[in-house]
Amino acid sequence: MDRIDEDKPLDRRAVIGFLAKAGVGAAAFLCGGAGVANAVLEPAPAGSAAPGGSGPVPGYDWTKHRWGFGVDATRCIGCLRCAVACKQENNVAFDPHHFRTWVERYAYVDGSDKPLIDSQADPANIAAAGRPDNYRFDNRYAEVKVDKAFFVPKLCNHCTRPACVQVCPTGATYKSVDGAVLIDHDYCIGCRYCIQACPYGARFFNEERQVTDKCTWCYHRITKAMMPACVEVCPASARIFGDLNNPHSAISEFIHENRVEVLRPETGNGPNVFYVGIDKEVN
Amino acid sequence: MPKHIMRLIALLVIVGATLVAGRYALVVHSYYAYGAYRGDSVTEIAALPVQVAPSSYYKSFYPAVHEKWATGIHNVVQCTVCHGPVTVGATPQLVKLENTAEICTNCHAVTAGRPTSQPQINVAKHSGKQECLNCHDPHSPLLTGKGKSIAALAAAASEGDDDFSGGSSGGTTAPAKEKLPSGNAALGQARAAVCTTCHGVEKIVRSVSAGPNLAGQTDDHVALELHAFQAGTRSSPVMEPIAKGLSANEINDLAAYFANAANKK
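Residues numbered from 1 in each chain as written. Chains lettered and ligands numbered in written order. Predicted model: local features only at pLDDT ≥ 70, side-chain atom pairs only at ≥ 80, totals over all residues. Heavy atoms only, no water.

1. Things to note about the interface of chain A and chain B
Alright, step 1. In this assembly, 67 residues from chain A lie in contact with 47 residues from chain B.
Alright, step 2. Taking both sides of the interface into account, the surface hidden between chain A and chain B amounts to around 4700 Å²; carbon and sulfur atoms contribute 62%.
Alright, step 3. Remark: the boundary between chain A and chain B carries three salt bridges.
Alright, step 4. Two residues, R38 of chain B and D186 of chain A, come together in a salt bridge whose shortest N-O distance is 3.5 Å.
Alright, step 5. Breaking the side of chain A that touches chain B down by element, the ones donating at least two residues are α1 (12–30), α2 (36–41), α3 (81–90), β4 (146–154), β5 (173–175), β6 (181–183), α7 (219–222) and α8 (229–233) of chain A.
Alright, step 6. In terms of residue class, the side of chain A that touches chain B is built from 39 nonpolar, 14 polar and 14 charged. (Contact = heavy atoms within 4.5 Å. Buried area = accessible area lost by both parts, 1.4 Å probe. Salt bridge = Lys/Arg side-chain N within 4 Å of Asp/Glu carboxyl O. Helix = DSSP H or I, 4+ residues; strand = E, 2+ residues; numbered from the N terminus. Nonpolar A, V, L, I, M, F, W, Y, C, P; charged D, E, K, R; others polar.)

In C-alpha cells, the structure reads:
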C-alpha cells in the first residue's frame with residue numbers, strides 16, 4: 001500500500017488488484033489455507049497446530065505410529081468370533097446385514113475354476129446360526145468334492161489414498177496421522193457417497209443414527225495400546241495388527257516373513273490390510 | 001485520502017471483520033487443527049469405552065480359572081468369546097451359558113473351508129446330543145474324563161447323574177476317581193514311538209482322520225480309554241487291536257508319558 005499517496009488518486013486497476021488479493025486472502029483464510037484434496041494426500045505435519053504437540057488424543061502421540069493390519073487366510077477357521085466381538089465392542093446392530101468386519105468363504109467345487117462365495121449373510125448360514133446375535137458357516141459342501149476352500153476375513157483397508165475421504169462433502173471422514181480412516185458422526189450428513197466410492201464394500205449405513213459406519217481398527221483400543229477387538233478374540237491368530245514404524249511389531253514381521261498382497265491394488269487407493277493365502281478370485 | 005477511498009477501506013474492514021467473526025462463530029475450533037476435519041472428533045473416537053476386555057482383565061476377578069485357562073490348550077480362546085463382553089473398569093458379569101454345544105461347535109464342528117490345523121468333530125458321531133461339558137473342562141478342554149472313562153461318563157449323563165451334567169459345578173466338585181497306579185514315563189516314552197504317528201508328539205499330527213491329541217492329557221484319561229478299548233466298552237477298529245496288545249503296566253507307563261509330554265503349540 002506504500003504506493004498509495006494522497007496526491008495520486010488510485011487508478012482503477014490498482015483497486016481491483018487489491019480487491020482481488022483481499023478476496024483470495026479472505027477465501028484462503030476461510031478455508032484454512034488448505035484444499036480438501038491436499039489435506040487427504042499429505043496430512044498436515046502433525047502437531048503443527050496441535051494443543052500439546054502430539055495430536056488430539058491425550059497420552060498418545062499419533063505422529064509416532066503408522067498402523068497396519070494383516071490377515072492370514074490360511075489360519076482362519078471361519079468361527080466368526082471376530083464379527084461378534086466387533087459388534088459388541090462398537091455397538092453395531094446385531095443383525096446379519098451390518099458388519100464392520102466379516103468373513104467370506106471361497107469354495108472351488110468339483111474342478112470348477114470359479115469359486116462359490118458365501119458369507120455370514122447367506123440365508124443358509126443365517127439359518128445355521130439360529131439366532132440374530134450369532135453367526136456361523138454351515139457345512140454346505142459335505143456332499144460334493146471340494147478342491148479348495150478357505151475363509152477370508154474382510155474389513156476396512158484404511159487406504160493411504162482413500163476414495164471415500166475424497167468424495168466426502170463435509171470433512172466427516174478423514175485419514176488420521178497414524179493411518180486410520182475415521183468417521184466424525186457429528187459431521188456425517190448421511191449422503192452415502194463414501195459407501196459408493198469404497199471399492200471394498202467396507203462401509204455400511206447405520207439406519208438408526210442415519211450416518212455411515214465402518215471399521216476404525218478399534219481406534220479407541222489401539223490408542224490405549226490394546227489390540228483391536230477382532231484381533232484380540234481370534235483363536236487362530238489369523239488377524240495381525242501392529243505398528244509399521246516398528247520393525248519388530250507383529251505386522252512388520254508378518255509382512256517381512258510372508259509374500260503379502262492387497263485387495264484390488266489397481267484402484268490406486270493404497271490399501272493397508274495385507275493378505276496371505278488368498279487367490280486371484282478374492283477382491 | 002479521498003473520501004470514496006476511505007469509504008471503500010471502511011467497507012472492506014467491515015466485510016473482513018464479518019468474515020472473521022462469521023468463521024469464528026460458525027466453524028468449530030478444532031476444524032483444520034490437523035486437516036480438513038474436526039480434530040476433536042479424533043479425541044471423541046479415542047475416548048469410546050472398551051467393551052471387549054482382554055482375558056488378562058479377568059485375572060484379578062477369577063485367578064484360579066484364569067490360571068487353569070492360561071496353562072491349558074484353550075488359552076487362545078478369550079474369556080469374552082464364551083462369557084460375553086465386559087467393559088474395562090466394570091466387574092465381569094459372566095453370561096450364564098445354557099447351551100455349551102452351540103458355543104463349542106462354532107469353532108469345532110467340521111466345516112468346509114476350515115483348515116485341518118483346527119481340531120474338528122462330526123458332532124453326531126462325537127457326542128450326539130450330550131453336553132460338551134460332560135467330558136471337557138471348557139477352560140482346559142484337553143483334560144477330559146474327570147476320572148471316569150468316556151463310556152462311563154456317557155452312561156452317567158444319560159441317567160441324568162448330576163455330577164456329570166456339566167454346568168457351573170465345573171471344576172469345584174471333583175467326582176470320585178478310579179485312581180490308577182502311576183506309571184514310568186521314561187518307559188512309556190520308548191513305547192510311545194508307535195503311537196505318535198497318529199497321535200503326534202507334542203501336538204504335531206492334526207487332521208480329522210488322525211487320533212486325538214494325547215500330549216498334556218491326564219494319565220487317568222489315557223489309561224482308562226486304553227482299558228476301555230481293551231475291554232471293548234469303547235469300540236474303535238484302529239485302537240482295539242493296539243490296546244489289546246498292551247499290558248496293564250505298559251498302559252500306565254504310556255499314560256504317564258503322555259501326561260507329562262509338553263503340549264506345545
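Let's pick the thread back up.
2. A word on the environment of V273 of chain A
Residues and elements named next belong to chain A.
Alright, step 1. Checked against the element boundaries, V273 lands in strand β10 (residues 273–276).
Alright, step 2. Considering only alpha carbons, one finds V273 and G70, 203 residues apart in sequence, at a separation of 5.5 Å.
Alright, step 3. Beyond its immediate chain neighbours, meaning those up to four positions away, V273 contacts F69, V71, L155, C156, N157, W217, E261 and V262.

3. Regarding the pairing of β10 of chain A
Residues and elements named next belong to chain A.
Alright, step 1. Of the two faces of β10, the one lined by V273 and Y275 and the one lined by F274 and V276 are each fully buried.
Alright, step 2. Relative to β10, strand β1 (residues 67–72) is paired through four bridges, and the arrangement is parallel. What sits directly across from F69, in β10, is V273. (Buried < 20%, exposed > 50% of the residue type's maximum accessible area, 1.4 Å probe, protein only. Pairing = 2+ DSSP bridges.)

4. A word on the domain arrangement of chain B
Alright, step 1. Taken domain by domain, chain B comprises domain 1 (3–46), domain 2 (50–93) and domain 3 (179–265).
Alright, step 2. Each of domain 1 of chain B and domain 2 of chain B has a C-alpha centre, and the two are 50 Å apart. (Domains from an automatic or database assignment.)

5. Here we look at empty space enclosed by the protein
In this approach, a probe sized like a water molecule rolls over the atoms, and the result shows the empty space that is left.
Residue and element names in this part refer to chain A.
Alright, step 1. A full pass over the atoms with the stated rule returns seven cavities of 30 Å³ or more.
Alright, step 2. Here the largest cavity is characterised by a volume of approximately 110 Å³.
Alright, step 3. Around the largest cavity, the lining is made up of 15 residues, and of these C156, C159, P162, C164 and C198 lie nearest the centre.
Alright, step 4. In the lining of the largest cavity, the residues fall into ten nonpolar, three polar and two charged. (1 Å grid on protein atoms, 1.4 Å probe; cavity = no way out; pocket = protein on both sides within 12 Å on 5 of 7 lines; lining within 4 Å. Points joined across faces, edges and corners; volume = space filled by probe spheres on them.)

6. Re the packing of aromatic side chains
Alright, step 1. Counting across every chain of the model gives 13 aromatic pairs over all chains.
Alright, step 2. Summarising the aromatic geometry, the rings of F137 of chain A and F151 of chain A are spaced 4.8 Å apart at their centres and angled 50° between planes, so their arrangement reads as tilted. One end of the pair, F137 of chain A, is in the loop between α4 (123–129) and β4; the other, F151 of chain A, is in strand β4, and 14 residues separate them in sequence.
Alright, step 3. Relative accessible area serves as the criterion here: at 3%, F137 of chain A is assigned to the buried category.
Alright, step 4. Centre to centre, the rings of Y31 of chain B and Y32 of chain B are 5.0 Å apart; their planes meet at 85°, and the pair counts as edge-to-face.
Alright, step 5. When its relative accessible area of 16% is taken as the criterion, Y31 of chain B is described as buried.
Alright, step 6. Put simply, the rings of W67, F69, W217 and F241 of chain A pair up and form one aromatic cluster.
Alright, step 7. The ring of F99 of chain A carries K87 of chain A above its face, with NZ or CZ at 3.9 Å from the centroid. (Phe/Tyr/Trp six-rings, centres within 6.5 Å; stacked < 30°, edge-to-face > 60°. Lys NZ or Arg CZ within 6 Å of the ring centre and 35° of its normal.)

7. Notes on helix α9 (residues 250–257) of chain A
All names here are of chain A.
Alright, step 1. The complete set of buried residues in α9 reads I251, S252 and F254. Around the axis of α9, the buried residues are gathered within 160° of arc, so they sit on the same side. Away from the buried face of α9 by more than 90 degrees, exposed residues H256 and E257 are located.
Alright, step 2. In this structure, the buried side of α9 is in contact with β1, β9 (239–243) and β10. (Arc of directions from axis to C-beta.)

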